[in-house]
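# A structural walkthrough
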Amino acid sequence: MPPICIIGSIHVDFIIRVPRIPSIGETILGEGFEIHPGGKGANQCIGVARLGVRASLVSRVGNDFLADMALKNLKTEDNVVLDYVSTVEGVHTGVAFILVDSSGDNIIAVAPGADMYVSRSDVDKVLKSIHGFKALLVQLEIPLDTVAYALEKFHEKDVLTILNPAPAVVLHESIYKYVDVLTPNSTELGILVGLDIGSLDDVIHASRKLLKAGVRIAVVTTLGANGAVVVTRNRVVHLPAFKVKAIDTTGAGDAFNAGLAVALTEGMGIIDAVLFANAVAALSTTKMGAQEGLPRRDDVEDFIKRHGLS
């Protein structure tokens, strides 16, 4: 299978389990503390690799003790290529602080550090060295200029481009013409179009605005326990989520994007690809840790068979 390129962040996640998410100004006692490798780029890279596809990661880490922690899981995955992960002197490796409540919901704050040094030159290096990419998967935890540049350059080489706009910021419309598939959650969707998203009709309306702005194939909005909505120029499909007992939803979005990228590069249509991605995301919530919970291909296929969808 030709490779998927992931350009994005590498973090260390510091997680505190809490009975509930505290209010502003409130301090509550946690019920456990864990440290896990994370970052959307790293998470999605491992997600792709565990689904059996070679994943080339373009990213940066700091010259500090956190870098080894951040790279630990990546170095153990057979399908991960780390040749384009470089070290920045005098800058800390990215970190995320995460509160996870008893229902598995979370809030997250990120200090990107070395992630902000991922540059156009990094994009050029990987494109000069590796040919035959089937997809680009990129997020917004690195400089926006680098994201826009990567989308344009991979698009010019007829590579499928997937933008996971997280954490969301308002994007210039010129970016969308280089995006084949856009994958916001409902909050991110609202930020992208400047609207409050409170209903399925709102999701459809906002998605159509983004298609009109230039998104080429589909806007796929993830809705957590309510599944995902696929909007193309001639079709709207709401796919429900798989029912599981969620322990930690921290990496669910990254699992979804990894599953979607793999499914699309294997030739699945957009609806079947989102169904596959929903299964990957559901399984990821049944374990703690954004990377530890990412499922392997056999587990996903068994899960889909058990639900009578194979």
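These lines cover the structure that appears in this document, whether it is placed above or below. (Residues numbered from 1 in each chain as written. Predicted model: local features only at pLDDT ≥ 70, side-chain atom pairs only at ≥ 80, totals over all residues. Heavy atoms only, no water.)

## Quick word on the pattern of salt bridges
The final tally for this structure, using the stated rule, is ten salt bridges. Two residues, Arg60 and Asp122, come together in a salt bridge whose shortest N-O distance is 3.1 Å. In this pair, Arg60 is assigned in strand 4 (residues 55-62) and Asp122 in helix 3 (residues 120-129), connecting sequence segments 62 residues apart. Each member of the pair Arg60 and Asp122 is classed as buried. (Salt bridge = Lys/Arg side-chain N within 4 Å of Asp/Glu carboxyl O. Helix = DSSP H or I, 4+ residues; strand = E, 2+ residues; numbered from the N terminus. Buried < 20%, exposed > 50% of the residue type's maximum accessible area, 1.4 Å probe, protein only.)

## Here we look at the sheet that holds strand 6 (residues 94-100)
Spatially, four strands are ordered 3-2-6-7 in an open sheet, and the strand pairing comes out mixed. The two strands at the open ends of the sheet, each matched to only one other strand, are strand 3 (32-38) and strand 7 (106-111). Neighbour-to-neighbour, the strand axes of the sheet open up by a mean angle of 20 degrees, direction not taken into account. Sheet analysis places strand 6 next to strand 7, joined by six bridges and oriented antiparallel. Residue pairing across strands places Leu99 opposite Ile107, the latter belonging to strand 7. Against the sheet, helix 2 (residues 65-76) contacts strand 2 (11-17), strand 3 and strand 6, and its axis sits at roughly 85 degrees relative to strand 2. (Pairing = 2+ DSSP bridges. Axes fitted to C-alpha atoms, helices over the stretch in contact; angles between N-to-C directions. Contact = heavy atoms within 4.5 Å.)

## Quick notes on the packing of helix 8 (residues 270-284) against helix 9 (residues 297-306)
Here helix 8 crosses helix 9 at 110 degrees, and the two axes come no closer than 10 Å. Taken as axis vectors, helix 8 and helix 9 run roughly perpendicular relative to one another. In contact with Phe276, Ala279, Val280, Ala282 and Leu283 of helix 8, helix 9 contributes Arg297, Asp299, Val300, Phe303 and Ile304. For the contact of helix 8 with helix 9, a count of residues per class yields eight nonpolar, no polar and two charged. (Parallel < 35°, antiparallel > 145°, perpendicular 65-115°, else oblique. Nonpolar A, V, L, I, M, F, W, Y, C, P; charged D, E, K, R; others polar.)

## Here we look at the environment of Ile191
With respect to the helices and strands, Ile191 occurs in helix 5 (residues 186-193). For Ile191, a relative accessible area of 37% corresponds to the partly exposed category. When the C-alpha positions of Ile191 and Leu171 are compared, they lie 9.3 Å apart, and in sequence the two are 20 residues distant. Dropping the residues within four chain positions of it, Ile191 is found in contact with Ala168, Val169 and Val170.

## Focus on the packing of aromatic side chains
What the rule picks out here adds up to four aromatic pairs. Centroid distance Phe133 to Phe154: 5.7 Å. Interplanar angle 50 degrees. Geometry classified as tilted. Residue Phe133 is located in the loop between helix 3 and strand 8 (135-138), and its partner Phe154 is located in helix 4 (residues 144-156); the two are separated by 21 residues in the primary sequence. For the pair formed by Phe133 and Phe154, the shared burial category is buried. (Phe/Tyr/Trp six-rings, centres within 6.5 Å; stacked < 30°, edge-to-face > 60°.)

## Some thoughts on the side chain of His11
Topologically, His11 is positioned in strand 2. You can call His11 buried: its relative accessible area is 1%. A polar side-chain atom of His11 sits 2.5 Å from a polar atom in the side chain of Asp115. Setting aside chain neighbours within four positions, we find His11 in contact with Pro37, Gly38, Gly39, Ala70, Gly94, Val95, Ala96, Val110, Pro112, Asp115 and Glu141. (Polar contact = N/O pair within 3.5 Å; in protein donor to acceptor, adjacent residues only side chain to side chain.)

In short, the description is geometric, and any link to function would need to be established separately.
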